[in-house]
Amino acid sequence: KDLAIRKSAIEDIIALSKGTSNGVKANQDTKSKIEELVKSLEKLNPTKKITDSPLLDGVWSLVYTTNEGSSAGKIGPFVGEVTQDIRLSESYYSNNVKLFNGIVQASLGASWDVLSPFLWNVKFLNIKFLLFGNTISAKSLEGTTGTW
């Protein structure tokens, strides 16, 4: 029963997210509906320690976030397609944004320390921007952290 409820909530989130530019352009009604669905999913989550679960490994496509910055795929006035590549065994992930079918790309690299079963201290490593697959700018972000 829980599996069917979780699947339905995920499908509803995906449907509500369409046309919102990863949530950046979502109206308040859509934001509220998605927030309620996320809360219901959190209550039904069978994974007790999400911060080091092997289920995190892989490439994930962002469909919705409450973050309105570059993690949401927003670069200037544009919002692109976002994927996150999580490599649990390496304690590494990259947040990748593609604009204009990949002509412009940005990649943010980070590692983390586990603070609790539900919380990471993220250590940002670097950011780079690419044009036609060639790096045009790269910057170290060593010393920059955040908690999620």
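Residues numbered from 1 in each chain as written. Predicted model: local features only at pLDDT ≥ 70, side-chain atom pairs only at ≥ 80, totals over all residues. Heavy atoms only, no water.

Undergrad: Just to check I follow, could you spell out helix H1 (residues 2–17) for this structure?
TA: Along an α-helix, residues three or four positions apart point the same way, because every turn accommodates 3.6 residues. A rise of 1.5 Å per residue sets the reference length of H1, with its 16 residues, at 22 Å; its end C-alpha atoms lie 22 Å apart and thus fit the reference within 8%. Regarding H1, the residues found buried are Ala 9, Ile 13 and Ser 17. Each buried residue of H1 lies within a common arc of 65 degrees when the element is viewed along its axis, so the set occupies one face. Exposed residues lying more than 90 degrees from the buried face of H1 are Leu 3, Ala 4 and Lys 7. Against the buried residues of H1 lie helix H2 (28–44). (Helix = DSSP H or I, 4+ residues; strand = E, 2+ residues; numbered from the N terminus. Expected span 1.5 Å × (residues − 1). Buried < 20%, exposed > 50% of the residue type's maximum accessible area, 1.4 Å probe, protein only. Arc of directions from axis to C-beta. Contact = heavy atoms within 4.5 Å.)

Undergrad: In this structure, what is going on with the sheet that holds strand E1 (residues 58–61)? I would like to understand it.
TA: Where strands meet in a sheet, backbone hydrogen bonds hold them as pairs that are either parallel or antiparallel. The antiparallel open sheet is built from six strands, whose spatial order is E1-E4-E5-E6-E7-E8. The open sheet has two edge strands with one neighbour each: E1 and strand E8 (134–147). Recorded for the sheet is a direction-independent mean angle of 20 degrees between the axes of neighbouring strands. Summarising the sheet, strand E7 (residues 119–131) and E8 pair through ten bridges and their orientation is antiparallel. Paired with Ile 127 across the strands is Lys 139, a residue of E8. (Pairing = 2+ DSSP bridges. Axes fitted to C-alpha atoms, helices over the stretch in contact; angles between N-to-C directions.)

Undergrad: Would you take a moment to explain the side chain of Asn 95 for this structure?
TA: By secondary structure assignment, the location of Asn 95 is in strand E5 (residues 92–99). Overall, the relative accessible area of 5% leaves Asn 95 in the buried class. A polar contact of 2.8 Å, which involves the side chain of Asn 95, links it to the side chain of Gln 84. What Asn 95 contacts, discounting residues up to four positions off in sequence, is Ser 70, Ser 71, Val 82, Thr 83, Gln 84, Ala 106, Ser 107 and Leu 108. (Polar contact = N/O pair within 3.5 Å; in protein donor to acceptor, adjacent residues only side chain to side chain.)

Undergrad: What is the right way to read the pairing of strand E6 (residues 104–116) from this model?
TA: As paired elements, E5 and E6 share eight bridges and run antiparallel to each other. Within E6, the residue paired with Asn 95 across the bridge is Leu 108. Remark: four residues form the turn of the hairpin made by E5 and E6, two consecutive strands paired antiparallel; Phe 100 in that turn has positive phi of roughly 55 degrees. Following E6, the chain reverses through two residues before pairing antiparallel with E7.

Undergrad: Where do I start with the packing of aromatic side chains in this structure?
TA: Two aromatic rings are characterised by how far apart their centres lie and by the angle between their planes. Using the criterion set out here, one finds five aromatic pairs in the structure. Look at Trp 112 and Trp 120: their rings are 4.1 Å apart centre to centre, the planes differ by 15 degrees, and that puts the pair in the stacked class. The two residues Trp 112 and Trp 120 agree in class, both being buried. (Phe/Tyr/Trp six-rings, centres within 6.5 Å; stacked < 30°, edge-to-face > 60°.)

Undergrad: For this particular structure, what's the right way to read the pattern of salt bridges?
TA: Note on pairing: side chains with opposite charge can pair once their charged atoms come close. A complete count under the given rule lists six salt bridges for this structure. One salt bridge in this structure joins Glu 90 and Arg 87, with 3.6 Å as the shortest N-O distance. Note on Arg 87: relative accessible area 31%, which makes it partly exposed. In the salt-bridge network here, residues are joined through shared partners; they are Asp 85, Arg 87 and Glu 90. (Salt bridge = Lys/Arg side-chain N within 4 Å of Asp/Glu carboxyl O.)

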